[in-house]
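Residues per chain are reported as follows:
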Amino acid sequence: CDSTVNLTLTVNPVYTTDLVEEICDGETYTVGTSDYTTSGDYTDVLTTVNGCDSTVNLTLTVNPVYTTDLVEEICDGETYTVGTSDYTTSGSYTDVLTTINGCDSTVNLTLTVNPVYTTNLVEEICDGETYTVGTSDYTTSGDYTDVLTTINGCDSTVNLTLTVNPVYTTDLVEEICD
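The sections below set out a description of the structure shown in this document. For clarity, every value in this text was computed on a predicted model and none was experimentally measured.

What counts, and at which threshold
Residues numbered from 1 in each chain as written. Predicted model: local features only at pLDDT ≥ 70, side-chain atom pairs only at ≥ 80, totals over all residues. Heavy atoms only, no water. Pairing = 2+ DSSP bridges. Helix = DSSP H or I, 4+ residues; strand = E, 2+ residues; numbered from the N terminus. Axes fitted to C-alpha atoms, helices over the stretch in contact; angles between N-to-C directions. Patch = residues over 30% accessible without salt bridge, like charges linked within 9 Å, V, L, I, M, F, W, Y side chains within 5 Å. Areas by Shrake-Rupley, 256 points an atom, 1.4 Å probe, with all protein chains shown as cover. Salt bridge = Lys/Arg side-chain N within 4 Å of Asp/Glu carboxyl O. Buried < 20%, exposed > 50% of the residue type's maximum accessible area, 1.4 Å probe, protein only. Disulfide = S-S within 2.5 Å. Contact = heavy atoms within 4.5 Å.

**Quick notes on the sheet that holds strand β6 (residues 66-75)**
Taken in spatial order, the 3 strands make up an open sheet running β6-β10-β9, and their pairing is mixed. Because the sheet does not close on itself, it has two edges, and the strands there are β6 and β9 (91-98). Between one strand axis and the next, the sheet turns through 25 degrees on average, direction left out of account.

Here it is in structure tokens:
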């Protein structure tokens, strides 16, 4: 006898997904139950709601995170810039910048601000003498300014007010009695 079978067949799709992803060092990329932390090519076969395969092909790039330690010196009145931060006082500072790949670039700055000196001198010498400031020799009355350099490379300004006093010569012709 005839046996008739009526079949309604549903063919559920099988999925393949290709992913190209980037993360920063220290982060994790998860596919299904798999966690990835290093650069590489990975394949995960998952199951769809209908029980079919769902294949995920992952190309993962782990971008570096940078840390830079700086020890810098500036002179008083100058500015040291890291990213968008300007520093004018001695201290330790941390700035977290962003790399071109969107990862952290940490800059640890130890900054020393060296002093700038100003010395005001009021001096007198005798005519014929010389007063020296740094490499400058002065022999006439006047106001002078010399900018010298400290051991740290900063300015040391010397303001000199110099007076040159005359030297007198007196010729005497005298007579005395015995």
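**Side note on a nonpolar patch on the surface**
Residues Val 5, Leu 7, Leu 9 and Val 11 make up a contiguous nonpolar surface patch of roughly 510 Å² in combined accessible area. Tracing the backbone through its elements, the reader meets Val 5 in the segment before β1 (15-24). Note on Val 5: relative accessible area 69%, which makes it exposed.

**Section: the sheet that holds β1**
Pairing is mixed across the open sheet formed by 3 strands, whose spatial order is β1-β5-β4. Two strands bound the open sheet, and with one partner strand each, they are β1 and β4 (40-47). Strand-to-strand twist of the sheet, defined as the mean angle between neighbouring strand axes without regard to direction, takes the value 25 degrees.

**Notes on the state of the cysteines**
By definition, a disulfide links the sulfur atoms of two cysteines through a covalent bond. Tallying each qualifying case throughout the model produces 2 disulfides. Sulfur-sulfur distance for the disulfide between Cys 24 and Cys 103 comes to 2.1 Å. An S-S torsion of about -95 degrees defines the bridge between Cys 24 and Cys 103 as left-handed. Placement of Cys 24 in strand β1 and of Cys 103 in the loop between β9 and β10 (104-114) is noted, with a sequence separation of 79 residues between them. Grouping residues by exposure puts Cys 24 and Cys 103 together as buried. If you count the bonded cysteines of the chain from the N-terminus, they pair up as 1-3, 2-4.

**Quick notes on the side chain of Thr 157**
Mapped onto the secondary structure, Thr 157 falls in strand β15 (residues 155-165). Relative accessible area serves as the criterion here: at 17%, Thr 157 is assigned to the buried category. With residues near it in sequence (within four places) discarded, Thr 157 still touches Tyr 117, Thr 118, Thr 119, Thr 145, Asp 146 and Val 147.

**Quick word on the pairing of β10**
Pairing between β6 and β10: 10 bridges, direction parallel. By the bridge assignment for β10, Glu 73 is matched with Thr 112. Judged from the 8 bridges that link them, β9 and β10 form a sheet pairing that is antiparallel. Along β10, the bridge assignment pairs Thr 98 with Asp 104. Between the antiparallel neighbours β9 and β10 lie 5 residues, among them Gly 102 with a positive phi of about 85 degrees.

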